[in-house]
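# Close look at the chain arrangement
The lines below spell out each chain.
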There are 2 protein chains.
Amino acid sequence: MGGKLKRIHPRVLHERLVSAEEAASWINDGMTLGLSGFTRAGDAKAVPTALVERAKKGETFKVNVYTGASLGSNIDKMFAEAGIVAKRLPFQAEPLMRKAINTGEHLFVDQHLSHTSEMLRADVIDRVDYAILEGISITEDGMLIPTTSVGNSLSFAETAENIIIELNTAQPEALVGLHDIYSPNKQGERDPIPLTKVDGRIGTLGIPLDFDKVKGIVFTHQEDSPSTIVPPDEETKMMAKHLLGFLRSEIQAGRLTESLMPLQSGIGSVANAVLHGMLDSEFENLVVYSEVLQDAVFDLIDAGKVTFASACSLTLSEEKMKQVFGEFYKYRDKLILRPQEISNQPEIIRRLGLISINTALEFDIYGNVNSTHVSGTKMMNGIGGSGDFARNARLGIFVTKSIAKDGDISSIVPFVSHVDHTEHDVDVVVTEQGYADLRGLAPRERVPLIIENCAHPMYREQLWDYYKEALERGGQTPHVLEKAFSWHASFKESGTMRKLVEQK
Amino acid sequence: MGGKLKRIHPRVLHERLVSAEEAASWINDGMTLGLSGFTRAGDAKAVPTALVERAKKGETFKVNVYTGASLGSNIDKMFAEAGIVAKRLPFQAEPLMRKAINTGEHLFVDQHLSHTSEMLRADVIDRVDYAILEGISITEDGMLIPTTSVGNSLSFAETAENIIIELNTAQPEALVGLHDIYSPNKQGERDPIPLTKVDGRIGTLGIPLDFDKVKGIVFTHQEDSPSTIVPPDEETKMMAKHLLGFLRSEIQAGRLTESLMPLQSGIGSVANAVLHGMLDSEFENLVVYSEVLQDAVFDLIDAGKVTFASACSLTLSEEKMKQVFGEFYKYRDKLILRPQEISNQPEIIRRLGLISINTALEFDIYGNVNSTHVSGTKMMNGIGGSGDFARNARLGIFVTKSIAKDGDISSIVPFVSHVDHTEHDVDVVVTEQGYADLRGLAPRERVPLIIENCAHPMYREQLWDYYKEALERGGQTPHVLEKAFSWHASFKESGTMRKLVEQK
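Calculation notes
- Throughout, residues of each chain are indexed from 1 in the direction in which the sequence is written.
- Whichever chain is written first is A, and whichever ligand is written first is 1; the rest continue in order.
- The predicted nature of this model means local features are confined to residues of pLDDT at least 70 and side-chain atom pairs, given and counted, to a pLDDT of 80 or more, with totals for whole chains, interfaces and linings taken over all residues.
- Side-chain measures were taken over the full set of non-hydrogen atoms in the model, leaving aside hydrogen atoms and water.
- In DSSP terms, a helix is any run of H or I states spanning at least four residues, a strand is any run of E spanning at least two, and both are numbered starting from the N terminus.
- Burial classification: accessible surface area is computed with a 1.4 Å probe over protein chains only, and a residue below 20% of its type maximum counts as buried, one above 50% as exposed, and the rest as partly exposed.
- Contacts are residue-level and defined by heavy atoms, with any inter-residue pair within 4.5 Å sufficient.
- Axis definition: a line fit to C-alpha positions, over the contact stretch in the case of helices; interaxial angles, taken between N-to-C directions, run 0 to 180 degrees.
- Roughly parallel refers to an angle under 35 degrees, roughly antiparallel to one over 145, roughly perpendicular to one between 65 and 115, and oblique to any angle outside these ranges.
- Here a crossing is called left-handed whenever its near helix is offset anticlockwise from the far helix by less than a right angle, and right-handed whenever the offset is clockwise.
- Gly falls in the polar group here, along with every residue not listed as nonpolar (Ala, Val, Leu, Ile, Met, Phe, Trp, Tyr, Cys, Pro) or charged (Asp, Glu, Lys, Arg).
- Pairing of aromatic rings covers Phe, Tyr and Trp, the last counted by its six-membered ring, and requires centre-to-centre distances within 6.5 Å; plane angles under 30 degrees mean stacked, over 60 mean edge-to-face, and any other angle means tilted.
- Whether a charge sits over a ring depends on NZ of Lys or CZ of Arg being within 6 Å of the ring centre and within 35 degrees of the ring normal.
- For this document, the term salt bridge refers to a Lys or Arg side-chain nitrogen within 4 Å of an Asp or Glu carboxyl oxygen.
- Picture the helix axis, draw a direction to every C-beta atom, and the arc is the one those directions span.
- The superposition of copies rests on a least-squares fit of C-alpha positions from residues with pLDDT of 70 or more in both.
- UniProt positions are given in the numbering used here, feature names are shortened, and annotations may be inferred rather than shown by experiment.
- By definition, the buried area sums, over both parts, the 1.4 Å-probe accessible area that each loses when the two are put together.
- Residues adjacent in sequence count toward polar contacts only when both atoms are side-chain atoms; beyond that, a polar contact is any pair of N or O atoms within 3.5 Å, and within protein one must be able to donate a hydrogen and the other to accept it.
- Each domain's limits were defined by an automated method or a database of domain assignments.
- Any two strands with at least two DSSP bridges between them are considered paired.

## Section: the overall build of chain A
In terms of helices and strands, chain A carries 18 helices and 27 strands. By its C-alpha atoms, chain A is 75 × 50 × 45 Å across when sized along the principal axes. Put simply, chain A has 504 residues, and 66% of those count as buried. A sequence separation of at least 24 residues applies to 73% of the contacts in chain A between residues at least 6 apart.

What follows is the structure in structure tokens.
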């Protein structure tokens, strides 16, 4: 314990040491928890686990669970199994919890990732009773140094009634100095956020703590869950190729240089593949301003392609985690982690002029994007930061494979079954077939590009048939409303969207 | 002419005086025009009219027409009649042009009003060949003082190849000093926009001109078209009452004070009625940060309720125009007009924490809003600034009457036929029936509030029937996709959305 205690510089806090079980015992039915954690990184681990144990032992209670984004460490899985969640926000990505959400057992509020902290500060969602925040250490001047993510930990610490800290000794002290913590304050009482460059520092190294709120400190020793990215396949490689082709055409047109603009890429295999595609490219002196830094960003740093990366979390595979934390000295001058209200802040995204790459579930012939709902009803993960970025980026790009389920689903449909991003916010769509540059185009101009460049050939005729029938009815955005969702209905009925054509 | 010439302080520009006809003769087929004008205010009048004359005399040509927002002075009407528009953006509100758009004769790109200038600066839409900008005068230091709107005139002047100026002597010189012109520069080369208060001044009094670009100056003498607001009716009064009731409940909850937050209200009769509702209220020391200032804002200034108003245009009724410009000394210290990239800038909207009130065409049981497309296909006016505001405001409020066409249309439907604002961006919806506060609610929690508080009683059972059937299928956002648009289809087939119930 002596060695560990060195991580708590203010002596006055030494007496707050408790077990995870004791800390978990303070949490009552109906309370709201604010947990650190963003895309499997830096999540509070021990206290949530101890809380689940209480339920396993027969206690009945429910809590609201706010986080930065998705959690690792099986927390959401255990929460779902234990059935202890009343309301969950703003994002999750766990199969069992997803199921509980889609049966209506857990209420889920799907928020833009930059919005949660605003709602907390404006006091319009339930206040956080206990913020449970993972950290590396507490500094002499009373700041909690976060670990591998910042997420909403700052706004939780500022607005919560009570704070429980998990000091994770499995997280290397080398991470101290990585963070830049800036609080924008409430809306209406806010100055311009002074960040003007990806590598700018505008805040403190840690989260200022109100010691009166710190009810307990728990020591843990557990690594983050590694990411589960699958390596690029032929299709994701093709998507990367098309996207890079588009960026090259922008350079030729004189609108970009080979340093592009700061890059944001959403989590997932496709985005990772796109970044990987930059390894063997002419692009250079790239910078990243994103939510999550995945493996590919570190490969790009190693290759000298990326000179700096700012984000809100580090979410790495097991292998990459070992390598990166093993030789962190190589990266520490090239990285900053920020609160998600800064990484995802419209003000900054628009100012820096990002190139933003996110994954769609489906998009329609006019360029509206569904990022969240399978068949328009079942939640996948959540909108995440895609809206923060796409709306405000200089280039809002969405990628998806043109078909799913061996071709029984077309990802390009007449009308998306749920709209997360409207045609106003979508600049370019990319599939393994090609890309469609929608900027400055009227809806009727978008359709041929999307069908011919992005839809799978097996669905092109079917899309043209829909559009031609719609065109006869006219309008700015021609539709045959009573058939707009017939593809989804067909899939539900017969297991394929293709059936429509065969029935003709 | 001698008196008029005093409005052109730089003598070097005196030789650029031309007739509207001559200026219009420079415009060739295929060119792109950037016209001043925002919601009928400050539009270029003479040169566009002279251009139409050329078409009337038998010339065949088409031009792209970019503006701030909608035009007055019958410009869009004449353009549509003459059939000379290839592409129009980012907004319009004229019946004949609407018709040409919906037949596909004119291509229309419906943009967030803050986005057009970004696209011009990033060079991703056709460059402006001729900016045609109305002004009051040209200052000694070479700045064009705009008239009753700023719109996109600054970005047109900065990016256009050529500039034609219309100096309108019907616009009083008293307007000099009203404007605050700030150019945010390109994305990626931009500092924080330093505006932190509604009455802050961050720019110059006029638009800096590159004299080399100024090809001609035309004198005009024509007032703006007055606004066509209809006075509040029983229903708009009820909507105002409910909305004010909601704001009062926010004060009671300690989340707002009686000064509220800076107010934005979209153009139109409902928004005007809401502001009128504040005349006889306890609210005081209000400020306005909006796109358009309509009559009601001046009544609120007269009543001492509004202490300052910032916008991008003044759009007044004929009577109000006379009064306000007749005694402009009463208002000039309480008003600022800004470029729409500042009035509608996400950075500023979010910083100031606006209360944003805009009109919906329809919304659905989950809170998604259609602002633009009648029956999902036919363009009404455009999204305008509603997206800039709703996404970034502290409170994004949408208002609409619960029914239209004597009850044959329900404005609350199972699934909106076009999505402009997703449930992520809609905080409160209001009809004459009541309001639903959707903040922090999961989709399933939103439905009962929307049906019971906002839908017209004649449609409530029908909405419940849909929702109950959807619930049996489950999901985060339960839907019966094959019936989602059946209300719209029913209206198209039989002239009423109610028929569905009678057919049961």
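The rest of the description comes next.
## Observations regarding the packing of helix H8 (residues 234–252) of chain A against helix H9 (residues 269–277) of chain A
Pairs of packed helices are described in terms of their axes, by the angle between the two and the distance that separates them. All names here are of chain A. Here H8 crosses H9 at 55°, and the two axes come no closer than 8 Å. What the angle tells us is that H8 and H9 run oblique. In this structure, H8 crosses over H9, and the sense of that crossing is right-handed. On H9, the residues touching Thr236, Met239, Ala240, Leu243 and Leu244 of H8 are Val270, Ala273, Val274 and Gly277. Residue composition of the contact of H8 with H9, by class: 7 nonpolar, 2 polar and no charged.

## A few points about the packing of aromatic side chains
Following the criterion strictly, the structure yields 19 aromatic pairs over all chains and no others. Measuring from ring centre to ring centre gives 5.3 Å for Phe415 of chain A and Phe485 of chain A, while their planes differ by 70°; the resulting arrangement is edge-to-face. Taken as a pair, Phe415 of chain A in the loop between strand S25 (412–413) and strand S26 (428–431) and Phe485 of chain A in the loop between helix H16 (457–473) and helix H17 (486–494) lie far apart in primary sequence, 70 residues in all. Note on accessibility: Phe415 of chain A and Phe485 of chain A belong to one class, buried. Ring geometry for Phe246 of chain B versus Tyr435 of chain B: centroids 5.3 Å apart, planes at 65°, classification edge-to-face. With Phe246 of chain B in helix H8 (residues 234–252) and Tyr435 of chain B in strand S27 (residues 434–437), this residue pair connects regions lying 189 residues apart in the sequence. Using a relative accessible area of 25% as the deciding quantity, one classes Tyr435 of chain B as partly exposed. An aromatic cluster of three or more residues is present, and its members are Phe415 and Phe485 of chain A together with Phe415 and Phe485 of chain B. Cation over ring: Arg54 of chain A sits above Phe61 of chain A, and NZ or CZ is 4.8 Å from the ring centre.

## Points about the pattern of salt bridges
For the coordinates displayed, the defined rule picks out 61 salt bridges over all chains. Its salt-bridge partner being Arg498 of chain B, residue Asp408 of chain B comes within 2.8 Å of it at the nearest N-O pair. Highlighted residues: Asp408 of chain B in the loop between strand S23 (403–404) and strand S24 (409–410) and Arg498 of chain B in the loop between helix H17 (486–494) and helix H18 (499–502), separated in sequence by 90 residues. Given a relative accessible area of 26%, Arg498 of chain B falls into the partly exposed group. One network of salt bridges, with partners in common, ties together Asp43, Lys45, Glu134 and Asp224 of chain A.

## Some thoughts on helix H11 (residues 318–326) of chain A
Residues and elements named next belong to chain A. By the burial criterion, the buried members of H11 are Lys320, Met321, Val324 and Phe325. Down the axis, H11 shows its buried residues gathered within 115° of arc, on one side only. Across from the buried face of H11, at angles greater than 90 degrees, the exposed residues are Glu318, Glu319, Lys322 and Gly326. On the buried face of H11, the contacting elements are helix H10 (295–302) and strand S15 (313–314).

## A closer look at the packing of helix H3 (residues 46–56) of chain A against helix H4 (residues 75–82) of chain A
All names here are of chain A. Here H3 crosses H4 at 15°, and the two axes come no closer than 10 Å. In this view, H3 runs roughly parallel relative to H4, as classed from their interaxial angle. Here H3 and H4 pass one another in a crossing that is left-handed. Of the residues in H4, those in contact with Pro48, Thr49, Leu51, Val52 and Ala55 of H3 are Ile75, Met78, Phe79 and Ala82.

## Section: the relation of the copies chain A and chain B
The operation relating chain A to chain B is a screw motion whose rotation component is 180°, with 0.0 Å of axial translation and a residual RMSD of 0.0 Å. Overall, the copies show the geometry of a two-fold rotation axis. No C-alpha of chain A approaches the rotation axis more nearly than that of Glu347 of chain A, which lies at 2.2 Å. When the interface residues of chain A are mapped onto chain B, 100% of them are again interface residues, pointing to one common binding face.

## A few points about the UniProt feature "domain: Acetyl-CoA hydrolase/transferase N-terminal" (unreviewed entry) in chain A
Residues given the UniProt feature "domain: Acetyl-CoA hydrolase/transferase N-terminal" (unreviewed entry) here are residues 16–172 of chain A. Counted over residues 16–172 of chain A, helix gives 29% and strand 21%. Its end C-alpha atoms are 22 Å apart.

## A closer look at the interface of chain A and chain B
Across the boundary between the two partners, chain A contributes 81 residues, which contact 81 residues of chain B. Taken together, both faces of the contact between chain A and chain B bury some 6400 Å²; the carbon and sulfur share is 53%. Counting the contacts that link chain A with chain B gives 6 salt bridges. Glu347 of chain B serves as the salt-bridge partner of Arg351 of chain A, at 3.2 Å between the closest nitrogen and oxygen. In this assembly, chain A and chain B are joined by 44 residue pairs in polar contact (both at pLDDT 80 or more). Going through the elements one at a time, helix H5 (95–102), strand S4 (107–108), helix H6 (116–121), helix H13 (346–352), strand S21 (378–379), helix H14 (386–392), helix H15 (443–454) and H17 of chain A are the ones with two or more residues in the side of chain A that touches chain B. In terms of residue count, the dominant contributor to the side of chain A that touches chain B is H13 of chain A (5 residues). Considered class by class, the residues forming the side of chain A that touches chain B number 27 nonpolar, 29 polar and 25 charged.

## Some thoughts on the domain arrangement of chain A
Residue and element names in this part refer to chain A. The domain boundaries assigned to chain A delineate domain 1 (4–220) and domain 2 (234–494). Taken over C-alpha atoms, the centre of domain 1 sits 29 Å from the centre of domain 2. Contact residues are listed per partner, giving 50 residues for domain 1 and 44 residues for domain 2. Of the charged contacts in the structure, one is a salt bridge between Glu341 and Arg121, with a shortest N-O distance of 2.4 Å. At the boundary of domain 1 with domain 2, the tally comes to 29 residue pairs in polar contact (both at pLDDT 80 or more). Put simply, the parts of the chain that give the side of domain 1 that touches domain 2 at least two residues each are H5, H6 and helix H7 (153–159). Counted by class, the side of domain 1 that touches domain 2 contains 22 nonpolar, 19 polar and 9 charged residues.

## Here we look at the UniProt feature "domain: Acetyl-CoA hydrolase/transferase C-terminal" (unreviewed entry) in chain A
In the numbering used here, UniProt assigns the feature "domain: Acetyl-CoA hydrolase/transferase C-terminal" (unreviewed entry) to residues 327–466 of chain A. In residues 327–466 of chain A, the share of helix is 29% and the share of strand is 26%. The end C-alpha atoms are 56 Å apart.

## Observations regarding the environment of Arg190 of chain A
Turning to its location among the elements, Arg190 of chain A is positioned in the loop between strand S8 (162–168) and strand S9 (207–208). Overall, the relative accessible area of 4% leaves Arg190 of chain A in the buried class. Setting aside chain neighbours within four positions, we find Arg190 of chain A in contact with Glu118, Pro184 and Asn185 of chain A together with Thr196, Arg350 and Arg351 of chain B. Within the structure, Arg190 of chain A has its side chain in polar contact with the side chain of Glu118 of chain A (distance 2.7 Å). Within the structure, the side chain of Arg190 of chain A is placed 2.8 Å from the backbone oxygen of Asn185 of chain A, a separation counted as a polar contact.

## Some points on the sheet that holds strand S7 (residues 143–145) of chain A
All names here are of chain A. As summarised here, the arrangement of the 3 strands in space is S6-S7-S9, forming an open sheet in which the pairing is antiparallel. A single partner strand is all that each edge strand has here, and the edge strands are strand S6 (137–138) and S9. Relative to S9, S7 runs antiparallel, the two sharing 2 bridges. If you follow Met143 over to S9, its bridge partner there is Pro208.

## Here we look at the sheet that holds strand S19 (residues 369–370) of chain A
Residues and elements named next belong to chain A. Strand order in the open sheet formed by 3 strands is S19-S18-S25, with mixed pairing between adjacent strands. Edge positions in the open sheet fall to S19 and S25, since each of these has one partner strand only. Where strand S18 (residues 362–364) and S25 come together, 2 bridges link them in parallel fashion. Across the sheet, the residue bridging to Asp364 is Val413, located in S25.

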